[in-house]
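Reading the structure
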Amino acid sequence: MCSRFLCWFLVALFSFCCSSSFAFIVTPTRPRTTGILKMSSETTKHVENVLFIECGFGNDSHGQSATKAAVRACRNAIEFNSIPSINRLVPGGYDALKLDVLLAVPPKYQSTLDLEAVKQVFPYGATKFTIQDGGMVAPSGIAIDSLGDTNDDMVVVCASVTVGY
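Cut-off values and rules
The written sequence of each chain sets the order in which its residues are numbered from 1. Totals for whole chains, interfaces and linings use every residue, but because this is a predicted model, local features are given only for residues with pLDDT of at least 70 and side-chain atom pairs only at 80 or more, for both listing and counting. Derived side-chain values reflect all non-hydrogen atoms in the structure, with water molecules and hydrogen atoms excluded from consideration. Counting from the N terminus, the helices are DSSP H or I runs at least four residues long and the strands are E runs at least two residues long. Contacts are assigned to residue pairs with any non-hydrogen atoms lying within 4.5 Å of each other. Whether a set of points on the 1 Å grid over the protein atoms alone is a cavity depends on a 1.4 Å probe fitting there but being unable to get out, while an open set qualifies as a pocket with protein on both sides within 12 Å along at least five of seven lines; lining residues are those with an atom within 4 Å of a point. Grid points are joined across faces, edges and corners, and a volume is the space filled by probe spheres set on the points. Residues belong to one nonpolar core when they are buried, are Ala, Val, Leu, Ile, Met, Phe, Trp, Tyr or Cys, and are joined through side-chain atoms within 4.5 Å. Only protein chains enter the accessibility calculation, which uses a 1.4 Å probe. A residue is then buried if its area is under 20% of the maximum for its type, exposed if over 50%, and partly exposed in between. By definition here, a salt bridge exists when the distance from a side-chain nitrogen of Lys or Arg to a carboxyl oxygen of Asp or Glu is within 4 Å. Aromatic pairing here means that ring centres of Phe, Tyr or Trp (its six-membered ring) are within 6.5 Å. Orientation follows from the plane angle: under 30 degrees is stacked, over 60 is edge-to-face, and everything else is tilted.

1. Considerations on the side chain of Thr162
Secondary-structure assignment places Thr162 in strand E7 (residues 153–164). Setting aside residues up to four positions removed in sequence, Thr162 forms contacts with Val47, Val50, Phe52, Ile53, Lys98, Leu99 and Asp100.

Here is the structure:
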């Protein structure tokens, strides 16, 4: 319970203290596939009926990968969830599921974020990503060449995942 509150607090702190953000709608070309993704700068409301919201955070201690940190943050947000009643709750079932994913990523590492890789964390639904300045860059204490380090930065990403239809 305490760690969930701390995670929520960190997401709130990093997410709401920053003003710049941008959004992408990422939708599989065919429902429930992991094929080519379409991206648009559409800013309309994506999830009309919210079922639940989960928060998580992840980091990459070595290698400075915003993608690895974002994947870990999204997994952390959804890893303890099981919703066996989606077919009863959501008209259209799993194929009609929608996810709004807010990622707070350090500005220095946003350009390296691979949203297609992050999308693979979610097994169902159309995903809308909103990326905003946030997260954290902290010192890892050591740069290890064999682990892909270019410096001693540890990249931390916060995620908020809204699930609905």
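2. Focus on the layout of surface pockets
Here the largest pocket defines a volume of roughly 290 Å³. Forming the walls of the largest pocket are 14 residues, and the residues nearest its centre are Ile78, Asn81, Ile83, Pro123 and Tyr124.

3. What about unusual backbone geometry?
Phi is positive for Gln64, which is not a glycine, with a value near 55°. Locating Gln64 in the fold gives a position in the loop between strand E3 (50–60) and helix H2 (66–78).

4. Regarding the nonpolar core
Of all hydrophobic cores here, the largest spans 28 residues; its most connected members are Cys74, Val101, Leu103, Leu113, Val118 and Val157. Elements that contribute at least two residues to this core include exactly H2, strand E4 (98–105), helix H4 (115–119), strand E5 (126–133) and E7. Among the elements that line this core, the one with the most residues is H2, at 7 residues. Look past the residues within four positions of Val101 in its chain and what remains in contact with it is Cys74, Phe122, Thr127, Lys128, Phe129, Thr130, Ser160 and Val161.

5. Some points on the pattern of salt bridges
Per the stated rule, a full pass over the model turns up 2 salt bridges. Its salt-bridge partner being Asp60, residue Lys68 comes within 4.0 Å of it at the nearest N-O pair. Assessed through its relative accessible area of 37%, Lys68 is described here as partly exposed. Exposure remark for Asp60: the relative accessible area of 3% places this residue in the buried category. Salt-bridge contacts for Asp153 lead to Lys108; the nearest nitrogen and oxygen are separated by 2.8 Å. Of this pair, Asp153 sits in strand E7 while Lys108 sits in the loop between E4 and H4, and the two are 45 residues apart along the sequence.

6. Focus: the packing of aromatic side chains
Counting across every chain of the model gives 1 aromatic pair. Their ring planes at 35° and their centres at 4.3 Å tell us that Tyr94 and Tyr124 sit as a pair that is tilted. With a gap of 30 residues between them, Tyr94 in the loop between helix H3 (86–89) and E4 and Tyr124 in the loop between H4 and E5 connect regions that are remote in the sequence.

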